Amino acid sequence: MEEGLSSQNLSAKALQKINTGLIGLEKSWIDPKGMYYGEWYKSLYVCNDPFSGYASWILPGIQYEVAIKNTARLEKWDSRYAKAILNLSKKIDKLSKLL
């Protein structure tokens, strides 16, 4: 991958595909179900905390369950995060082949 980037021999079309792929990486974290504390929070990776609205929470689904001391949905979160990470991994593999 580094060789492909450092060679600077990528066409405009290849660079466009790479850029689109990079944008797609972030979208891997979007879950249509959203959070249990507000379905408008769609990112499984980061969002504002639901209590103050100011602090940033990393892995907010899990962080919320910890904050409210609830373990009942941790298996559901495990599945949702695993799905997002596998999706992200596939996209990274596909993107690295463009280089």
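Each chain carries its own residue numbering, running from 1 in the direction its sequence is written. With pLDDT at 70 or above as the cut-off, local features in this predicted model cover only qualifying residues; side-chain atom pairs require 80 or more to be listed or tallied, and sums for whole chains, interfaces and linings still use all residues. With hydrogens and water set aside, each side-chain value is computed from the structure's full complement of heavy atoms.

Draft legend 1. Spatial organisation of the environment of Trp40. On the secondary structure map, Trp40 appears in the loop between helix H2 (12-27) and strand E1 (46-48). Each C-alpha atom, one on Trp40 and one on Gly24, is 20 Å from the other, the two residues being 16 residues apart in sequence. The secondary structure listing takes helices from DSSP runs of H or I that are at least 4 residues long and strands from runs of E that are at least 2 residues long, numbered from the N terminus.

Draft legend 2. Structural view of helix H4 (residues 74-97). Here H4 contains 24 residues, and its C-alpha end-to-end distance of 35 Å stays within 8% of the 34 Å for a straight helix at 1.5 Å per residue. Throughout, exposure labels follow a simple rule: accessible area from a 1.4 Å probe, protein chains only, divided by the maximum for the residue type, with under 20% read as buried, over 50% as exposed, and the rest as partly exposed. Along H4, the residues that are buried comprise Trp77, Arg80, Tyr81, Ala84, Leu88 and Leu95. Whether two residues touch is decided by their heavy atoms; if any such pair falls within 4.5 Å, the residues are in contact. Tucked inside the fold, the buried residues of H4 contact H2 and helix H3 (60-67). To estimate the expected span of a helix, subtract one from its residue number and multiply by 1.5 Å.

Draft legend 3. Summary view of the side chain of Ser43. Secondary-structure assignment places Ser43 in the loop between H2 and E1. Judged by its relative accessible area of 16%, Ser43 falls in the buried class. A polar side-chain atom of Ser43 sits 3.2 Å from the main-chain amide nitrogen of Tyr45. Under this definition, polar contacts are N or O atom pairs within 3.5 Å; protein pairs additionally need one hydrogen-donor-capable and one acceptor-capable atom, and for neighbouring residues in sequence, both atoms have to be side-chain atoms. In terms of polar contacts, Ser43 uses its side chain to reach the backbone amide nitrogen of Val46, at 3.2 Å. When residues no more than four places from it in sequence are discounted, the contact partners of Ser43 are Trp29, Ile30, Met35 and Pro60.

As far as function goes, none of this settles anything; it's purely spatial.
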